[in-house]
Amino acid sequence: MEENPTLDSAAWGSSSGWLAPREARGGAAPPAFRLGRSLSSVLNELPSAATLRYRGPGVVPWGTPEEEEEDGGSGRQAFAEATQTELQDPHPSRELPWPMQARRAHRQSHARDQLVRGAGSRMDQWARLLRRSKEKTKEGLQRLQPWAWTLKRIGGQFGAGTESYFSLLRFLLLLNVLASVLTACMTLLPTWLEGAPPGPPGLNTSSPCGFYNPHSQGLVTFDTQLFNLLSGEGYLEWSPLFYGFYPPRPHLAVTYLCWAFAVGLIFLLFILHRSVSGLKQTLLAESGALTSYSHLVFSAWDFGLCGDVHVRLRQRIILYELQVELEETMVRRQAAVRTLGQQARVWSVRVLLNLLVVALLGAAFYGVYWATGSTVELQETPLVQETPLLKLGVNYLPSIFIAGVNFVLPPVFKLIAPLEGYTRSRQIVLIVLRTLFLRLASLVVLLFSLWNQITCGGDAEAEDCKTCGYNYKELPCWETLVGQEMYKLLLFDLLTGLAVALLIQFPRKLLCGLCPGALGRLAGTQEFQVPDEVLGLVYAQTVVWVGSFFCPLLPLLNTVKFLLLFYLKKLTLFFSCSPAARTFRASTANFFFPLVLLLGLAISSVPLLYSIFLIPPSKLCGPFRGQSSIWAQIPESISSLPETAQNFLFFLGTQAFAVPLLLISSILMAYTVALANSYGRLISQLKRQRETEAQNKVFLARRAVALSTTNPAF
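## Focus: the packing of aromatic side chains
- A full pass over the atoms with the stated rule returns 28 aromatic pairs.
- Aromatic side chains Tyr 243 and Phe 624 sit 6.5 Å apart centroid to centroid with 10 degrees between the ring planes, which places their arrangement in the stacked category. On the criterion of sequence distance, the pair formed by Tyr 243 in the loop between α11 (222-231) and α12 (250-287) and Phe 624 in the loop between α24 (586-613) and α25 (633-639) is long-range, its members being 381 residues apart. For the pair Tyr 243 and Phe 624, a shared accessibility class is recorded, and that class is buried.
- On the numbers, 5.7 Å between centres and 80 degrees between planes, the contact of Phe 566 with Tyr 567 is edge-to-face.
- Judged by relative accessible area, which is 46%, Tyr 567 ranks as partly exposed.

## As for the state of the cysteines
- Overall, the coordinates contain 2 disulfides when judged by the stated rule.
- Note that Cys 456 is cross-linked by a disulfide to Cys 465, the S-S spacing being 1.8 Å. Of note, the bridge from Cys 456 to Cys 465 carries an S-S torsion of about 85 degrees and is right-handed in sense.
- For Cys 465, a relative accessible area of 1% translates into the label buried.
- Cys 477 shares a disulfide with Cys 621; S-S distance 1.9 Å. Taking the sign of the S-S torsion, 95 degrees for the link of Cys 477 and Cys 621, the bridge is right-handed. Of this pair, Cys 477 sits in the loop between α19 (424-454) and α20 (478-514) while Cys 621 sits in the loop between α24 and α25, and the two are 144 residues apart along the sequence.
- Exposure remark for Cys 477: the relative accessible area of 5% places this residue in the buried category.
- A relative accessible area of 0% means that Cys 621 is categorised as buried.

## Overview of the packing of helix α9 (residues 148-158) against helix α23 (residues 554-576)
- At a minimum axis separation of 12 Å, α9 and α23 run at an interaxial angle of 30 degrees. When the axes of α9 and α23 are compared, the crossing they make is left-handed. Contact residues: Thr 150, Arg 153, Ile 154, Gln 157 and Phe 158 in α9; Phe 566, Lys 570, Leu 573 and Phe 574 in α23.
- Per-class residue counts for the contact of α9 with α23 are 5 nonpolar, 2 polar and 2 charged.

## Remarks on unusual backbone geometry
- Residue Trp 147 is not a glycine yet carries a positive backbone phi of 60 degrees.
- Position of Trp 147 relative to the elements: it lies in the loop between α8 (122-144) and α9.

## A short note on the environment of Tyr 246
- Mapped onto the elements, Tyr 246 comes out in the loop between α11 and α12.
- Along the primary structure Tyr 246 and Pro 623 are separated by 377 residues, whereas in three dimensions their C-alpha atoms are 5.5 Å apart.
- Leave out the neighbours within four places in its chain, and Tyr 246 touches Thr 187, Leu 188, Thr 191, Pro 240, Leu 252, Tyr 256, Pro 552, Gly 622, Pro 623 and Arg 625.
- At 2.7 Å, the side chain of Tyr 246 and the backbone oxygen of Pro 240 are in polar contact.

## Describing the pattern of salt bridges
- For the structure shown, the criterion picks out 3 salt bridges.
- Lys 561 is paired through a salt bridge with Asp 493; the nearest N and O atoms lie 2.6 Å apart. Within this pair, whereas Lys 561 is found in helix α23, its partner Asp 493 is found in helix α20, the two being separated by 68 residues in sequence.
- The class for Asp 493 is partly exposed, based on a relative accessible area of 24%.

About the cut-offs
Residues numbered from 1 in each chain as written. Predicted model: local features only at pLDDT ≥ 70, side-chain atom pairs only at ≥ 80, totals over all residues. Heavy atoms only, no water. Phe/Tyr/Trp six-rings, centres within 6.5 Å; stacked < 30°, edge-to-face > 60°. Helix = DSSP H or I, 4+ residues; strand = E, 2+ residues; numbered from the N terminus. Buried < 20%, exposed > 50% of the residue type's maximum accessible area, 1.4 Å probe, protein only. Disulfide = S-S within 2.5 Å. Axes fitted to C-alpha atoms, helices over the stretch in contact; angles between N-to-C directions. Left-handed = near helix turned anticlockwise from the far one by under 90°. Contact = heavy atoms within 4.5 Å. Nonpolar A, V, L, I, M, F, W, Y, C, P; charged D, E, K, R; others polar. Polar contact = N/O pair within 3.5 Å; in protein donor to acceptor, adjacent residues only side chain to side chain. Salt bridge = Lys/Arg side-chain N within 4 Å of Asp/Glu carboxyl O.

And the structure:
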């Protein structure tokens, strides 16, 4: 219809007469219907004639003249037969293309027929009962989700993109609660069930790897207590918070290691499930099947809403979706009409801006590496040792530098993204990727610097690492050191978020409201920056994934942090922020944000697996002391099992098990690919059918124009 707007407008303009009731057109049917083909016969020619029964069973097709109704024409008879066939269709009432009232009547009639026939077979009864149980369970779980109304309110007032941030925050909070429960069951309980854990090794303990005593000697001042609380040293260093506290018991070592793998597997499965759910929405949105304005106008409304508040929220949500569609359509149109010179200029600007981004990232990574490497040297200086506040600052130097880089560079990335000429959704993806790379790569640089200190730069023959396999002189319990670094990163991230909200955002809002002049305009209104906030969540969760093995209570601390963060961000959003002037597609957030989480999980698994399999554990602390590696405890525990269990577990690692498993996996993969191809062909057929429907409408409009031209009275 877009190809010939003159014809279409004429068609629809002339069709306004025959779309009206017959009484309004003068009562009698026009001669064109008596002499020529009627409108009903024209409609019955269409391949989509079945859609004329969408008003329910027993309703006369649209456009059927009263003469045919009175005479009982063949069209009426054919339609009655089709209706009877549809009534006998075994599909459920919800799948019938009828109004709600007709579906309800059909369901009641079907229920009465089943009672008369004895309610069908017992298998049907069990299947129906199972289906209803699943539906009720799903509805019950949805009701139990915390902050459901808060998320709806946020989505209606600030857009679906902002709502996706709080939905992701709730998702991570629930996962950390689950991880905390597993920590209590698999590490804390086994530690005390076998007796009270012993204290740290004393000074008289002889070991080729030196001695380790984290407790402070003598009277501890308040400043030292505060320093220990913020750095994880002193009384916290030998506590259930860190790895070194747990005693070397075989059962505890196995449960400790199994807990780490179980938590990682649970996070992986839940994030994959959320990513797949978001992928479906993204594919539908990006394919163009659900991005037309007609879908938003005619199909996006929820007729089950009750109350003015819910109605207004739904109106705002649809308004934001329409705004996103219009903005992205405008950008795509501008990109389509660019000349070759304009495209070359745009790509030149993009290349230069990306080179600038790479230079900024390189400078940030070098700074993080320098700060981490200089911390040990600065801590040994007399001035730092004598000044507690300076000592705390030096101890937090890597965290401060990482936080500073993450605070300065993301706004620069936001200024660069609009200059590249992408759509809003694509800009969000680029900002998130660059900020993600900055945050996670900074964490990787920190871990690399720690690895360099622990393993003497990877040189096992170095003087400090030759005896025990790690740098026992500077790091007698290196696992606790890694846990302390992650603990400080988590704590400093929370303190930074509180400081930004209380010292920057709230005063800025007050200044903007109290000073309507130039000073208020300079402060400006604040918008909730979804990419920065989401990357803050991903960064914090990645820190927890890296440090949870070395600091087992870190998921519990992160649960408390996310709970405080939710209410803090909610207060900041409603008090300090205004709705975004430019929004982005919600489907982008629903798929891309969990994908970013998966990337963080993959990055965090690398140093953890490297520590488990390759770095020797500390000889003076932790449940794996005395082992050649952390993983060595698993074969040793298997050797203590009965012979049958040993043979079965060793069989799982042989080729006799691996080859059939690979073949079965290949067959399942081939079946999945074939099934996906068949679904793809079905989707192509449905798309062609949709195009046929559009052609039918054009044909109908042209037929109406032809009838009106033949008989002007019509």
